[in-house]
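Fold and contact review
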Amino acid sequence: MSDGHQNQIDIARLQREIDELSLISENPPPVVTRVLFSEADLRAREFVKKLCREIGLVVREDAVGNIFARWNGSDDDLAPVATGSHIDAIPNAGKFDGVVGVLGAIEAIRSLQRSGFSPKRSVELIIFTAEEPTRFGIGCLGSRLLSGSLSLDRAGTLRDGEVKTLEDWRKTVGYENQKLESVRLKPDCYCAFVELHIEQGPLLEKENIPIGIVEKIAAPSSIRIELTGVGGHAGAVLMPERRDALLAGAEIALAVERAALESGSPDTVGTTGVLRVEPGAVNSIPCRAWLEIDLRDTRVATRDAALKRIETAVAEICRRRKITFALDRLNVDAPALCDAKLVQAISDSCDDLGLACKRMISRAYHDSLFMAQVCPTSMIFIPCRDGVSHRPDEFSSPEQIEKGVAVLAGVLARLSVDSI
Ligand SMILES: [Zn+2]
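What counts, and at which threshold
Residues numbered from 1 in each chain as written. Predicted model: local features only at pLDDT ≥ 70, side-chain atom pairs only at ≥ 80, totals over all residues. Heavy atoms only, no water. Axes fitted to C-alpha atoms, helices over the stretch in contact; angles between N-to-C directions. Helix = DSSP H or I, 4+ residues; strand = E, 2+ residues; numbered from the N terminus. Parallel < 35°, antiparallel > 145°, perpendicular 65-115°, else oblique. Left-handed = near helix turned anticlockwise from the far one by under 90°. Contact = heavy atoms within 4.5 Å. Nonpolar A, V, L, I, M, F, W, Y, C, P; charged D, E, K, R; others polar. Donors = N, O, S within 2.8 Å, 3.2 Å for Na, K, Ca; no water. Buried < 20%, exposed > 50% of the residue type's maximum accessible area, 1.4 Å probe, protein only. Salt bridge = Lys/Arg side-chain N within 4 Å of Asp/Glu carboxyl O.

1. Examining the packing of helix H8 (residues 245-261) against helix H9 (residues 300-321)
At their nearest, the axes of H8 and H9 sit 9 Å apart, and the two run at 155° to each other. The angle between H8 and H9 falls in the class roughly antiparallel. Of the two possible hands of crossing, H8 and H9 adopt the one that is right-handed. Taken together, the residues of H9 that come into contact with H8 (itself represented by Leu247, Ala248, Glu251, Ile252, Ala255, Val256, Arg258 and Ala259) are Ala306, Arg309, Ile310, Ala313, Val314, Ile317, Arg320 and Arg321. Residue composition of the contact of H8 with H9, by class: 11 nonpolar, no polar and 5 charged.

This is the structure:
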């Protein structure tokens with residue numbers, strides 16, 4: 001990769017910037033934690049905006065903190081081609097998730113600038129607010145609002161653990177001058193959106209293929225359940241009298257597993273990732289429990305059928321155990337089909353560079369899931385070690401990143417001259 005091609009990627013510089021950004025964290029290295037609107041998140045935003053300004057990109061922010069950095073093209077009438085990802089990170093994460101697609105896009109633009117390329121269409125980098133559900137329990141907050149997938153009413157009800165609302169946070173970080181309704185993008189505002197991202201799965205590494213091209217993004221959904229039983233002394237209340245909230249929760253978790261296993265689709269995955277109990281003492285019967293369940297599939301029909309099955313099981317289990325419950329569907333999203341012509345453009349860019357590629361499904365969801373509702377969208381995946389992500393030992397090598405950035409640069413160059 002370091003010889004021959006016109007768009008030379010300065011991988012040493014990009015790696016340095018990835019390392020530097022990883023130090024902006026709420027935890028000591030190698031742990032990266034950047035919760036939405038935390039001091040670390042705000043400093044990371046400044047770091048990225050500075051890099052964008054240094055290369056002449058025009059930077060603006062919307063009312064929820066999505067950052068747009070534009071390399072102006074020669075023809076203002078053409079809709080820009082967009083790329084981007086996120087820099088927020090869940091607690092105890094690594095340095096590549098999201099960051100490769102943001103800092104990598106900046107290096108892709110720099111490489112095009114160095115080669116003397118000038119875009120006809122503008123090239124716009126988007127850094128999305130809160131891809132991770134760190135503060136408000138909902139992922140892709142920025143891109144949901146950009147695409148209109150999250151209603152303003154619903155956004156108004158979002159609260160974090162400190163019971164501050166989204167509106168409170170907008171004031172705290174200085175976005176209150178713009179109205180939240182101004183975030184939504186207009187149709188045809190972009191000709192395409194391409195996101196570079198680590199795979200967060202093992203397939204590319206296993207098959208030794210440097211580039212994945214995403215054709216489909218799985219349909220995610222998540223529900224939160226609050227269970228209320230009756231507490232009591234662990235010694236005094238005999239078993240037939242009990243209304244134990246945790247036991248209902250345990251049965252529900254098993255019902256989630258069963259619904260995913262028996263859905264008829266190998267792509268259905270169900271996870272009960274949160275189970276909290278109150279009062280949480282060894283000699284006290286749990287009187288309350290909270291569960292958060294994540295259910296995904298590539299097909300809406302099987303996902304929705306499994307979701308229905310879980311909800312039916314919750315009602316049955318709680319009736320039998322005399323537990324009252326409140327079930328809240330946090331999100332039930334459709335899958336995204338990536339644009340066939342854009343997938344082809346990425347594949348052509350791989351061919352230009354002599355890189356093997358593989359078409360694949362993204363089982364994790366990304367801002368691309370929502371950008372697909374705005375404009376033709378696809379993703380470029382690069383391998384990551386053992387498929388590990390959302391951990392401090394998450395790793396992609398400089399060579400792997402360099403190839404992904406080179407493909408992205410090629411796609412941006414192609415789309416900023418032609419249409420797809
Ligand atoms: Zn990500």
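Here the narrative resumes, following the displayed structure.
2. Some remarks on the coordination of the zinc ion
Around the zinc ion, the protein supplies His86 (NE2), Asp97 (OD) and His197 (NE2) as donor atoms, at distances of 2.0 to 2.2 Å. Looking at Asp97, the relative accessible area reads 9%, which means it is buried.

3. Some remarks on the pattern of salt bridges
Counting across every chain of the model gives 30 salt bridges. Note that Glu39 and Arg43 form a salt bridge whose closest N and O atoms lie 3.0 Å from each other. On the criterion of helical spacing, the pair formed by Glu39 and Arg43 is a turn pair, its members being 4 residues apart in helix H2 (residues 39-54). Look at Arg43 and you get partly exposed, because its relative accessible area is 41%. The partner of Glu251 in a salt bridge is Arg320, and the shortest N-O contact between them spans 2.9 Å. Taken together, the positions of Glu251 in helix H8 and Arg320 in helix H9 put the pair 69 residues apart, joining distant regions of the chain. For Arg320, a relative accessible area of 43% translates into the label partly exposed. Connected via shared salt-bridge partners are Arg13, Glu17, Glu107, Arg110 and Arg114.

4. Let's talk about the environment of Leu204
Of note, Leu204 is situated in helix H7 (residues 203-207). Through-space distance from the C-alpha of Leu204 to that of Cys357 is 8.9 Å; in sequence the pair is 153 residues apart. Filtering out sequence-adjacent residues up to four positions away, Leu204 remains in contact with Glu199, Ile209, Ile211, Gly212, Lys358, Met360, Phe381, Ile382 and Pro383.

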